[in-house]
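Chain residues, written in single-letter form:
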Amino acid sequence: MSSHPPIVESPNTAAHWEGLWSDETATQNFAAHLAQGLQNWPGGRDARVELRGNLGAGKTTFVRHLLRAAGVMGRIKSPTYAVVEPHQALTGDTAWPIWHFDFYRFNDPQEWEDAGFRDIFAGPGLKLMEWPDKVAGQLPPPDWVIDLEAIDEDQRRVRISAQTPAGQAWLDAWLNSHPSPKPPATGALNAS
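Residues numbered from 1 in each chain as written. Predicted model: local features only at pLDDT ≥ 70, side-chain atom pairs only at ≥ 80, totals over all residues. Heavy atoms only, no water.

Digging into unusual backbone geometry
Keep in mind that most residues, glycine aside, have a negative phi and that most peptide bonds are trans.
So, point 1. Even without glycine at this site, W131 takes up a positive phi of about 55°.
So, point 2. By secondary structure assignment, the location of W131 is in the loop between β5 (126-130) and β6 (144-150). (Helix = DSSP H or I, 4+ residues; strand = E, 2+ residues; numbered from the N terminus.)

Things to note about the nonpolar core
So, point 1. Core analysis: the biggest nonpolar cluster contains 34 residues, and L34, F62, W144 and I146 have the highest contact counts within it.
So, point 2. Residue contributions to this core peak at 6 residues, all from helix α1 (residues 24-40).
So, point 3. Ignoring sequence-local partners within four residues, the contact set of L34 consists of W41, F62, L66, W144, I146 and W174.
So, point 4. F117, I120, M129 and V135 belong to the second-largest nonpolar core, a separate cluster that totals 13 residues. (Core = buried A, V, L, I, M, F, W, Y, C linked by side-chain atoms within 4.5 Å. Buried < 20%, exposed > 50% of the residue type's maximum accessible area, 1.4 Å probe, protein only. Contact = heavy atoms within 4.5 Å.)

A few points about the packing of α1 against helix α2 (residues 59-70)
So, point 1. Between α1 and α2, the least distance of the axes is 8 Å, while the angle of their chain directions is 50°. Comparing the axis directions of α1 and α2 gives the class oblique. Where α1 crosses over α2, the two elements pack in a sense that is right-handed. Residues E24, T27, Q28, F30, A31, A32, L34, A35 and Q39 of α1 lie in contact with α2, whose contacting residues are T61, F62, H65, L66, A69 and A70.
So, point 2. Taken together, the residues of the contact of α1 with α2 break down into 9 nonpolar, 5 polar and 1 charged. (Axes fitted to C-alpha atoms, helices over the stretch in contact; angles between N-to-C directions. Parallel < 35°, antiparallel > 145°, perpendicular 65-115°, else oblique. Left-handed = near helix turned anticlockwise from the far one by under 90°. Nonpolar A, V, L, I, M, F, W, Y, C, P; charged D, E, K, R; others polar.)

Some words on α2
So, point 1. Relative to the 16 Å expected for 12 residues at 1.5 Å per residue, α2 spans 16 Å between its end C-alpha atoms, a close match to the ideal helical length.
So, point 2. Of the residues flanking the end of α2, it is G71, one or two places downstream, whose phi is positive at about 105°. (Expected span 1.5 Å × (residues − 1).)

Looking at the pattern of salt bridges
So, point 1. With the rule as written, the count across this model stands at 4 salt bridges.
So, point 2. One salt bridge connects R159 with E18, and the closest N-O pair in it is separated by 2.7 Å. Taken together, the residues R159 in strand β7 (residues 156-162) and E18 in strand β1 (residues 16-21) connect sequence positions 141 residues apart.
So, point 3. Residue class for E18 comes out partly exposed when judged on its relative accessible area of 24%.
So, point 4. Here R157 and E149 are joined by a salt bridge, their closest N and O atoms 2.8 Å apart.
So, point 5. A relative accessible area of 32% places E149 in the partly exposed class. (Salt bridge = Lys/Arg side-chain N within 4 Å of Asp/Glu carboxyl O.)

Here's the deal with the packing of aromatic side chains
So, point 1. Following the criterion strictly, the structure yields 17 aromatic pairs and no others.
So, point 2. Aromatic side chains W17 and W174 sit 6.0 Å apart centroid to centroid with 85° between the ring planes, which places their arrangement in the edge-to-face category. Pair noted here: W17 is in strand β1 and W174 is in helix α5 (residues 165-177), with a separation of 157 residues, a long-range link. Each member of the pair W17 and W174 is classed as buried.
So, point 3. Aromatic side chains F30 and W174 sit 5.1 Å apart centroid to centroid with 65° between the ring planes, which places their arrangement in the edge-to-face category. Within this pair, whereas F30 is found in helix α1, its partner W174 is found in helix α5, the two being separated by 144 residues in sequence. (Phe/Tyr/Trp six-rings, centres within 6.5 Å; stacked < 30°, edge-to-face > 60°.)

Here we look at the pairing of strand β2 (residues 48-52)
So, point 1. Burial analysis of β2 places 4 of its 5 residues in the buried class, which makes it a mostly covered element.
So, point 2. Relative to β5, β2 runs parallel, the two sharing 4 bridges. Each residue of the ladder has a partner; that of E50, found in β5, is M129.
So, point 3. When β2 meets β6, the two strands line up parallel, connected through 4 bridges. Bridge pairing in β6 places R52 opposite D147. (Pairing = 2+ DSSP bridges.)

As for the pairing of strand β4 (residues 94-102)
So, point 1. For strand β3 (residues 84-91) and β4, the ladder comprises 8 bridges, and the chain directions are antiparallel. From the neighbouring strand, H87 faces β4, where its bridge partner is I98.
So, point 2. Note that β4 and β5 share 5 bridges and pair parallel. Each bridged residue has a counterpart across the sheet, and for I98 the counterpart in β5 is L126.

What follows is the structure, given as structure tokens:
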């Protein structure tokens with residue numbers, strides 16, 4: 001029997017949450033619960049959340065609902081052309097910054113550095129990132145990755161995975177208050 005620790009260890013498999021948004025009301029309800037969690041979880045107002053999914057998966061729609069639920073007032077524009085839209089959320093007497101990024105139009109990850117986004121990511125505030133793969137290697141690790149998959153016009157399959165210790169703590173809190181319903185299998189709704 002060896003008393004030496006193993007040189008290579010198997011990575012821990014982080015828990016995840018899976019669910020189904022049956023319609024936009026379900027998306028809105030999910031966003032409201034997440035906004036409440038982010039405001040209450042230690043460090044949640046400074047979370048980094050990557051949103052993944054194909055065009056039309058519902059990333060921007062979800063962000064709009066999340067911003068409203070967090071207390072953002074006024075018009076909420078998509079950052080598709082501007083790349084980033086800054087927001088101030090107001091909950092009670094407390095304001096907190098939220099940054100919504102859409103990297104879809106980036107052709108080179110170096111554009112992230114050239115745009116000066118390092119300073120934004122070093123500062124306070126919630127960072128919501130669409131199309132993070134377009135700036136691979138430039139972003140700090142996300143706390144959460146939210147994967148969205150369009151099943152049909154209304155329904156979305158959702159999967160949350162944690163990528164940092166803080167994200168794992170938040171996911172544990174989420175799992176305790178939001179049991180994971182079993183989403184339908186891929187293609188199950190198309191079967192006749």
